[in-house]
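If you want the building blocks of each chain, they are given just below.
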Amino acid sequence: MHKMLPLLLTTLLACYRQTEGSYQYLAGHQIWKLGGKESALPGQLMADGLLDILDHSRKLQQVRVAPHHIDRVSELLQKDGISYEILVDDLASHVEGIENSERRRRDVSGNHQTCTESHCPEPLTDVYMRFDQMEWYLKQLNETHYPNVSLSSIGKSHENRDIWLLHIKSNKPDARAIWIEGGIHARERISPAVAFGLISKLATGDGAKYNDFDFFLAPMANPDGYEYTFTGDRMWRKNRRANSHQRSNCYGVDLNRNWDFKFGVGASNYPCSEVYMGPSPFSEPETKALKDAMLERNGSLLMLFSLHSYGQDLLYPWGWTSQEEAENKDELVRVGQAFAEGAREIHNHDYDVVNSAGGLYYASGATDDWAYSETSARYAYTLELRDKGERGFLLTSEAIKPSIEEVWNGFQKILQNIG
Ligand SMILES: *[C@@H]1O[C@H](CO)[C@@H](O)[C@H](O)[C@H]1NC(C)=O
Ligand SMILES: *[C@@H]1O[C@H](CO)[C@@H](O)[C@H](O)[C@H]1NC(C)=O
Ligand SMILES: *[C@@H]1O[C@H](CO)[C@@H](O)[C@H](O)[C@H]1NC(C)=O
Ligand SMILES: [Zn+2]
């Protein structure tokens, strides 16, 4: 091969990637709304990599089907007595339309998502930040508020990005700790956006009055996957592990199925599935970093608060079974209701407080069940943020600001109710 050819190819590929956007891959993908009886079949099809269930609580019953699976899935659903209605018939053009309107908004607002060495825009509430922008903001906070606020890298992702942990310190010596995790699922862009909103409230705003607590925030738990939603596939959920150990061409482990508690119940061992749990518990550098950092604070951990989307639900354990109740379920519900009331006060949006495992659906190996079972945290919540399925993961950036406002108010009610 000519010496220059690899370089030329790499350059061409880079240019191609830049113009490619994050939706071409989604050509022919459809979003369906399932109807009919409750059935375990969709969960099975998800494990088999034939279907992508979009909303966790599944009350909206929205699923994504790839073009080469449409006939097969349609047939299997019909056999099982499940009906479906097509909500989006070509996800590529649907995503393209939304990305174009987002780009116009960004141009109008004057904010640009590129960082130079000396400058990066402020933490944004009107567009979704890229990873370099998030890092820049975290480092700024550390510089200006150290040692009351301190930043550390607790590990590296597969693609060598830092997993950042921000500590907002209490002035009490033996304060209880609140752990907030964001961005573990790549496509749920509103999750890190809200995590950064909470960071800015807690570190620079009225947060000072909650100084009795130690706050630990890991706002971007899956940086590779998140960046890939901008450069490769807008609907990407998992991390970016190459699953060559399984002789599979499919990438990614579902980081919210990789924790070591009831590993494998309600997850999949098939690398092409969206809920692939990985080769072993904590096989992923991202989950291992988070786990180790949480266990360092075990004993003082009081609550885990994990941010996801979508569906507007506040979920409490267990997720792995609906046969067993959380030991302090009444307390989890009481505090959860306080959150929901606080959130509703702001923009009148409803959040339902529900058991994580609903009906026939289970999820195991998730952060919330693990933290509740294996650490001193007596409170563990997964918050499914906006919306209720209108945009789903493609929630536009107008929703960032009101989401932060309502979640902040709800979150304060939690802080006032636990202890
Ligand atoms: C945080 O700030 C301190 C004090 O300026 C500095 O020593 C440390 O390296 C900073 N940490 C990061 C991750 O930037
Ligand atoms: C850190 O907190 C202390 C006590 O609350 C305060 O006096 C000090 O000004 C704070 N330092 C910074 C850099 O914010
Ligand atoms: C964390 O602390 C709790 C008690 O506070 C203890 O029961 C649990 O075993 C600890 N977890 C680990 C993994 O050591
Ligand atoms: Zn999620």
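How each quantity is defined
- Residues numbered from 1 in each chain as written.
- Chains lettered and ligands numbered in written order.
- Predicted model: local features only at pLDDT ≥ 70, side-chain atom pairs only at ≥ 80, totals over all residues.
- Heavy atoms only, no water.
- Helix = DSSP H or I, 4+ residues; strand = E, 2+ residues; numbered from the N terminus.
- Buried < 20%, exposed > 50% of the residue type's maximum accessible area, 1.4 Å probe, protein only.
- Contact = heavy atoms within 4.5 Å.
- Core = buried A, V, L, I, M, F, W, Y, C linked by side-chain atoms within 4.5 Å.
- Phe/Tyr/Trp six-rings, centres within 6.5 Å; stacked < 30°, edge-to-face > 60°.
- Domains from an automatic or database assignment.
- Buried area = accessible area lost by both parts, 1.4 Å probe.
- Salt bridge = Lys/Arg side-chain N within 4 Å of Asp/Glu carboxyl O.
- Polar contact = N/O pair within 3.5 Å; in protein donor to acceptor, adjacent residues only side chain to side chain.
- Nonpolar A, V, L, I, M, F, W, Y, C, P; charged D, E, K, R; others polar.
- Near = heavy atom within 4 Å.
- Areas by Shrake-Rupley, 256 points an atom, 1.4 Å probe, with all protein chains shown as cover.
- Arc of directions from axis to C-beta.
- Pairing = 2+ DSSP bridges.

Participant: How would you sum up the overall build of the protein? Please name residues and give values.
Facilitator: On a plain count of helices and strands, the protein comes out with eleven helices and twelve strands. Taking the principal axes of its C-alpha atoms as reference, the protein extends roughly 60 × 55 × 40 Å. Going through the 419 residues of the protein one by one, you find that 57% of them count as buried. For the protein, the share of sequence-separated contacts (at least 6 apart) that also reach a separation of at least 24 residues comes to 76%.

Participant: A description of the nonpolar core should follow, citing residues and the corresponding values.
Facilitator: In this structure, Phe215, Phe305 and Phe411 are the most contacted members of the largest nonpolar core, which totals 86 residues. Examining the composition of this core, we find that nine residues originate from one element, helix H6 (residues 190–204), more than from any other. In this structure, Phe305 is in contact with Trp179, Ile180, Glu181, Leu314, Phe339, Tyr381, Leu383, Phe411 and Ile414, ignoring residues within four places of it in sequence. Grouped together as the second largest cluster of nonpolar side chains are 16 residues, Leu45, Ile70, Val73 and Leu77 included.

Participant: Summarise the packing of aromatic side chains; cite the residues concerned and give the values.
Facilitator: Two descriptors summarise a pair of aromatic rings, namely the distance from one centre to the other and the angle between the planes of the rings. For the coordinates displayed, the defined rule picks out 18 aromatic pairs. Plain terms: the ring middles of Tyr226 and Phe230 are 5.3 Å apart, the flat faces sit at 70° to each other, and that makes the pair edge-to-face. With Tyr226 and Phe230 both in helix H7 (residues 223–231) and four residues apart, this pair spans about one turn of that helix. Relative accessible area serves as the criterion here: at 2%, Tyr226 is assigned to the buried category. Each ring, one from Phe339 and one from Tyr351, has its centre 5.6 Å from the other, and the planes form 85°; the classification is edge-to-face.

Participant: Break down the domain arrangement of the protein for me, with residues and values.
Facilitator: The domain boundaries assigned to the protein delineate domain 1 (24–93) and domain 2 (131–232 + 276–417). The gap between the C-alpha centroids of domain 1 and domain 2 is 28 Å. Contact with domain 1, which involves 18 residues of that partner, is made by 17 residues of domain 2. Across the domain 1 to domain 2 interface the summed buried area is about 1,400 Å²; carbon plus sulfur atoms make up 49%. For Lys59, the salt bridge is made with Asp313, and the minimal N-O distance between the two is 2.7 Å. Where domain 1 touches domain 2, the interface holds six residue pairs in polar contact (both at pLDDT 80 or more). For the side of domain 1 that touches domain 2, the secondary-structure elements that each account for two or more residues are helix H2 (41–47), strand E2 (52–53) and strand E3 (62–65). Of the residues in the side of domain 1 that touches domain 2, the class split is six nonpolar, six polar and six charged.

Participant: Quick one: what's the story with the site of ligand 1, residue by residue and with numbers?
Facilitator: In the neighbourhood of ligand 1, the contacting residues comprise Asn142, Glu143, Tyr146, Leu151 and Trp164. Protein burial of ligand 1: of its 360 Å² of free accessible surface, 54% is covered by the chains. Classifying every residue of the shell around ligand 1 by side-chain character gives three nonpolar, one polar and one charged.

Participant: Provide a residue-level description of helix H3 (residues 70–79), including the pertinent values.
Facilitator: Residues lying three or four places apart along an α-helix face the same way, a consequence of the helix completing one turn every 3.6 residues. Those residues of H3 that sit buried are Ile70, Val73, Ser74, Leu76 and Leu77. Down the axis of H3, the sector holding all buried residues measures 170°, keeping them to one side. Exposed residues lying more than 90 degrees from the buried face of H3 are Asp71, Gln78 and Lys79. As for H3, its buried residues are in contact with strand E1 (30–36), H2, E3 and strand E4 (82–88). Following H3 by one or two positions, Gly81 adopts a phi angle in the positive range, close to 80°.

Participant: Account for the pairing of strand E8 (residues 214–218), naming residues and giving values.
Facilitator: Counting buried positions along E8 gives five out of five residues, so the element sits mostly inside the fold. Of the two faces of E8, both are covered, the one formed by Asp214, Phe216 and Ala218 as well as the one formed by Phe215 and Leu217. With three bridges joining them, strand E6 (residues 162–168) and E8 adopt antiparallel strand pairing. Bridge assignment links Ile168 to a residue of E8, and that residue is Phe215. Relative to E8, strand E7 (residues 177–181) is paired through five bridges, and the arrangement is parallel. When the sheet's bridge partners are listed, Ile180 is paired in E8 with Leu217.

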